[in-house]
Amino acid sequence: MSKPAAPLKGRAARLARLMPSTGPSTAARTPFVLLVVLLLGGGLIALLLLNSALNEGSFRLSELKRDTTELTDEQQALQRDVDSRSQPDALERRARELGMVPGGSPAFLNPDGTVRGNPTEATAPPSPSPSPTPSPSAPASASPDPDASAGPSGSASPSGSVPATEPDPATAPAAESTPPPTSPGR
């Protein structure tokens, strides 16, 4: 067996009384260590959640930037389309296709009901009518048969004298200069 510890004397005894014994000291440290571990674990979990929220926001931001770029491109394409259709020569061509004619000098109504100016009716300039060119296989004289003007499919051509296969020279340049329709891109 071991010897019991000798009692301390003098200054050592006084210091031993001031210092707590080893038993209660370990028990007092355990809650503090658990508190520190819990705070560190909670801080790491909060940091992980914050990092994932920032990544989600970053992905959403890049998606919104891509959508903004697509919509900006579409807006610019539509603006170019509007600009090309609002040019004076394009407006004039479309108006003539609709059968509109340039107006003469305008007449104005005064507030008292009198007319200022000389009102005239707008008339279309005479358009050149296409003369049919007889083909070598077709007879030059007009036949009284109503099916004589029918094309190879048996249907009559829209004008009756011009075959449907020849393009109209007045509308051919208009078809070439109009831009293709744009789709919304979605």
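Residues numbered from 1 in each chain as written. Predicted model: local features only at pLDDT ≥ 70, side-chain atom pairs only at ≥ 80, totals over all residues. Heavy atoms only, no water.

How do you make sense of the overall build of the protein when you look at a structure like this?
Looking only at helices and strands, one finds 4 helices and 2 strands in the protein. Secondary structure elements in the protein, listed N-terminal to C-terminal, are α-α-α-β-β-α. Long-range contacts, defined here as pairs at least 24 residues apart, represent 31% of the contacts in the protein between residues at least 6 apart. For the protein, the accessible area works out to roughly 16,500 Å², and carbon and sulfur atoms hold 64% of it. (Helix = DSSP H or I, 4+ residues; strand = E, 2+ residues; numbered from the N terminus. Contact = heavy atoms within 4.5 Å. Areas by Shrake-Rupley, 256 points an atom, 1.4 Å probe, with all protein chains shown as cover.)

Mind showing me how you'd approach the pattern of salt bridges here?
Opposite charge on two side chains permits pairing when their charged atoms draw close. Here the structure, examined in full by the defined rule, presents 5 salt bridges. Between Glu-70 and Arg-66 there is a salt bridge, and its shortest N-O distance comes to 3.8 Å. Note that Glu-70 and Arg-66 are positioned in helix 2 (residues 22–85) at a spacing of 4 residues, about one turn of the helix. With a relative accessible area of 39%, Glu-70 lands in the partly exposed category. In this structure Arg-66 comes out as partly exposed when scored by relative accessible area, which is 45%. The shortest N-O distance in the salt bridge between Arg-96 and Glu-92 comes to 3.3 Å. With Arg-96 and Glu-92 both in helix 3 (residues 88–97), this residue pair falls 4 residues apart, about one helical turn. (Salt bridge = Lys/Arg side-chain N within 4 Å of Asp/Glu carboxyl O. Buried < 20%, exposed > 50% of the residue type's maximum accessible area, 1.4 Å probe, protein only.)

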